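Listed here are the chains, written in short residue letters.
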Amino acid sequence: MRRRTAVRLAATVVLAGLAATGCGTGATDDSANAGQTTQASQAADIDTNATVDVRLVLEPTSLDIASTAGAALDQILLDNIYQGLLTRDENNRIEPSLATSYKASSDGLTYTFHLAKNATFHDGTKVTAADAVWSLRQVTAAGSTNPDAAALSSVESVSAADAHTVVVKLEHRDTGFTWGLTGRAGIVFEKGTDFSSLAGKENGTGPFKLSGWKRGSSITFVRDDAYWGTKAKVAKVVFHYIKDASAANNAQRTGQTDIETGAQADLLQPFSDTTKYTVLRGDTTDKFTLAFNNDSGPTKDIRVRRALREAIDNAGLIKTLGGAAKQVGGPIPATDPGYADLTSVDAYDPDDAKKLLKQAGYGDGLKLTVKIPNIYQTEIGDYLASELKQVGVQLTVQQVEFQTWLDSVYTKHDYQLSVVNHAEARDLGNFANPDYYFGYDNADVQKWYAAAQTAATDAQRDALLKKAARQISEDAAADWLFVNQTLTVVRDGVTGVPRNFTSNRYDLANLAVAKK
């Protein structure tokens, strides 16, 4: 089996609002179909010429989705501009996309995909099996720079049975193969696409086209009226990148935006009028992770890592940030396969933390630095510094630009501690990759994770993932501060707004605006 060394920044996107939204702070709609079937439910009531303005937080550094890491690209480009063979629905279930159907052989080694026969690229060219075969081969080729290349590491060959049928043969059973196709590894590009050109132009198959990018401000999509599938219900969507929560609130309150993603819960009071606004609460896989450099420095010592975990009251941090989050204790959130409650591992115990630091030779104190992208609330760094001070650790908090974080932490591994939101689902593999920026290297975890990918049943897979996750937590490879819920403020008249997993992808297919 080929080993992929390309690493994937699972996600570093939005610090969504962390709070229960009752007590007069805003009207939260938790119903399954909220925002989806209200005023604009009938076609005659929809303004098909409407423009929708959406607040996001983290702007992409490039639009080259074939080689640039970062979930900010996945969030806006997947489903909307580019499509893969498969996709995910609102609840992270795998669904057909360019492949209208597929079938696996009884031994799980051969997958046959049937492509939509009317699919076209934005330049009008028909989508064929040759395009899909070429695209998948680029991902699986030696030296591939696709950030999701590891998702297809089990692929042995890709071929076209006819103009609209793709056959993929695997080297071994892979329980994560179809999931991998729902991400950027499964995108179908036109055969021969020059990936280096993607930073400036696109030729996708999705319901929207890229219209413009005002760097530092906004990205605009326009409806593709020649789209091969069900056409978008709005003419234009403008993503406004507003980092500051108060500024985002002002933009939503004054009508500059129609949708505010990542709303901060303690700032929801202006949206308490339910005749004007709805606040959607959604699930996420956003794991706000305090990363330890397992490969160098004081945190190479497991006693130091365990002490840091025991020194931090994660429940208190969640309360400080508002409350709409959960402790997890390990690398797998509740919505992913293999989840188990690991909050008892290295639970809050400052007295034991002091003992561990003394055993590690830091009884007289320890100085550490944490690097945190400045898109996150400063309260996180302040809280961590306060907690660690109580056990004799002097923490210096460095708020850095996200691009700086990518360069120093993610790429160069030049850090001691780091806080970032790993929003991508099913990303346990990061801890099975010693080349990832965590620097965590455990042969058993790598073995169990690999075995989980080839398991004969989901139950066997999940048992192996649970085993690996527990070991990762017991090794104190990181501290998972919390998994939060996301809050989205929607103005009256806008429907079809995504609710769940919005840091990973923001599907605009059902977005609609009621006629006034």
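This section reports on the structure supplied with the text. (Residues numbered from 1 in each chain as written. Predicted model: local features only at pLDDT ≥ 70, side-chain atom pairs only at ≥ 80, totals over all residues. Heavy atoms only, no water.)

What follows covers the overall build of the chain. Counting its regular elements, the chain contains 11 helices and 22 strands. Compactness check: the chain gives a C-alpha radius of gyration of 23 Å against a globular reference of 24 Å for 516 residues, within 12% of the reference. The dimensions of the chain, computed from C-alpha atoms along their principal axes, are 70 × 55 × 40 Å. For the chain, with 516 residues in total, the buried portion stands at 57%. For the chain, contacts bridging at least 24 residues in sequence account for 74% of all contacts bridging at least 6. When the accessible area of the chain is evaluated, it comes to approximately 19900 Å², of which 47% is carbon and sulfur surface. (Helix = DSSP H or I, 4+ residues; strand = E, 2+ residues; numbered from the N terminus. Rg over C-alpha atoms; globule rule 2.2 N^0.38 Å. Buried < 20%, exposed > 50% of the residue type's maximum accessible area, 1.4 Å probe, protein only. Contact = heavy atoms within 4.5 Å. Areas by Shrake-Rupley, 256 points an atom, 1.4 Å probe, with all protein chains shown as cover.)

A few words on the packing of helix α5 (residues 302-311) against helix α7 (residues 350-359). Packing of α5 against α7 leaves a shortest axis separation of 8 Å and a crossing angle of 160°. By the angle between their axes, α5 is roughly antiparallel relative to α7. Taken as a pair, α5 and α7 cross one another with a handedness that is left-handed. Taken together, the residues of α7 that come into contact with α5 (itself represented by Arg303, Val304, Arg306, Ala307, Glu310 and Ala311) are Pro350, Asp352, Ala353, Leu356, Leu357 and Gln359. Class assignment for the residues of the contact of α5 with α7 results in 7 nonpolar, 1 polar and 4 charged. (Axes fitted to C-alpha atoms, helices over the stretch in contact; angles between N-to-C directions. Parallel < 35°, antiparallel > 145°, perpendicular 65-115°, else oblique. Left-handed = near helix turned anticlockwise from the far one by under 90°. Nonpolar A, V, L, I, M, F, W, Y, C, P; charged D, E, K, R; others polar.)

Spatially, β5-β6-β8-β7 is the arrangement adopted by the 4 strands of the open sheet, whose pairing is antiparallel. Strands with a single pairing partner mark the edges of an open sheet, and in this sheet they are β5 (99-104) and β7 (155-162). Neighbour to neighbour, the strand axes of the sheet diverge by 20° on average, direction disregarded. Of the pairings in the sheet, the one linking β5 to strand β6 (residues 110-115) comprises 5 bridges and is antiparallel in character. Paired with alanine 99 across the two strands is leucine 115, which belongs to β6. Strand contacts of helix α2 (residues 129-140): β6, β7 and β8 (165-170), with the helix running at about 170° to β7, the strand carrying the most contacts. (Pairing = 2+ DSSP bridges.)

Our focus in this paragraph is the pairing of strand β10 (residues 218-223). Residues in a regular strand point their side chains to alternate faces of the sheet. Where burial is concerned, most of β10 is hidden: 5 out of the 6 residues are buried. As paired strands, strand β9 (residues 208-214) and β10 are joined by 6 bridges and run antiparallel to one another. When the bridges of β10 are listed, lysine 214 appears paired with serine 218. A loop of 3 residues connects β9 with β10, the two strands running antiparallel in sequence, and glycine 216 in this loop sits at a positive phi of about 85°.

Next up on the list: the sheet that holds strand β14 (residues 287-292). Taken in spatial order, the 6 strands make up an open sheet running β15-β19-β14-β18-β16-β17, and their pairing is mixed. Either end of the sheet is taken by a strand with one partner, and the two such strands are β15 (325-326) and β17 (393-400). The strands that helix α8 (residues 378-389) touches are β14, β16 (366-373), β17, β18 (417-422) and β19 (478-484); relative to β17, the one it contacts most, it runs at about 170°.

Along an α-helix, a turn takes 3.6 residues, which lines up residues three or four apart on a common side. Buried within helix α6 (residues 314-321) are the following residues: Asn314, Gly316, Leu317, Ile318 and Leu321. Looking at the buried residues of α6, the elements they touch are β15, α8 and β19. Residue aspartate 313 occupies the N-cap position of α6, its side-chain oxygen lying 3.3 Å from the main-chain nitrogen of alanine 315. Just downstream of α6 lies glycine 322, where phi reads positive at about 125°. (Polar contact = N/O pair within 3.5 Å; in protein donor to acceptor, adjacent residues only side chain to side chain.)

For the rest of this paragraph, the subject is the pattern of salt bridges. Taken as a whole, this structure holds 19 salt bridges when the rule is applied. For arginine 303, the salt bridge is made with aspartate 301, and the minimal N-O distance between the two is 2.9 Å. One connected set of salt bridges, linked through shared partners, spans Arg306, Arg309, Glu310, Asp346 and Asp479. (Salt bridge = Lys/Arg side-chain N within 4 Å of Asp/Glu carboxyl O.)

Turning our attention to the side chain of lysine 287. Position of lysine 287 among the secondary structure elements: in strand β14. For lysine 287, a relative accessible area of 2% translates into the label buried. Apart from residues no more than four positions distant in its own chain, lysine 287 is found in contact with Pro331, Pro333, Val420, Asn421, His422, Ala423, Glu424, Asp427, Phe482 and Val483.

On to the nonpolar core. By size, the foremost hydrophobic cluster in this structure holds 67 residues, and its most contacted members are Leu290, Trp405, Tyr437 and Leu481. Setting aside residues up to four positions removed in sequence, tyrosine 437 forms contacts with Ala291, Trp405, Val409, Tyr410, His413, Tyr415, Val420 and His422. (Core = buried A, V, L, I, M, F, W, Y, C linked by side-chain atoms within 4.5 Å.)

For serine 154, the position within the fold is in the loop between α2 and β7. Engagement of the side chain of serine 154 in a polar contact is seen with the side chain of aspartate 174, the distance being 2.6 Å. Leave out the neighbours within four places in its chain, and serine 154 touches Lys169, Leu170, Glu171, His172 and Asp174.

Relative to the elements of secondary structure, asparagine 293 occurs in the loop between β14 and α5. When the C-alpha atoms of asparagine 293 and histidine 114 are compared, they prove to be 45 Å apart, with 179 residues separating the residues in sequence. Filtering out sequence-adjacent residues up to four positions away, asparagine 293 remains in contact with Thr299, Lys300, His413, Tyr415, Gln416 and Phe438. Within the local environment of asparagine 293, its side chain forms a polar contact with the backbone nitrogen of serine 296, the two atoms lying 3.3 Å apart. Here the side chain of asparagine 293 touches tyrosine 415 through a polar contact of 2.9 Å, landing on its backbone oxygen.

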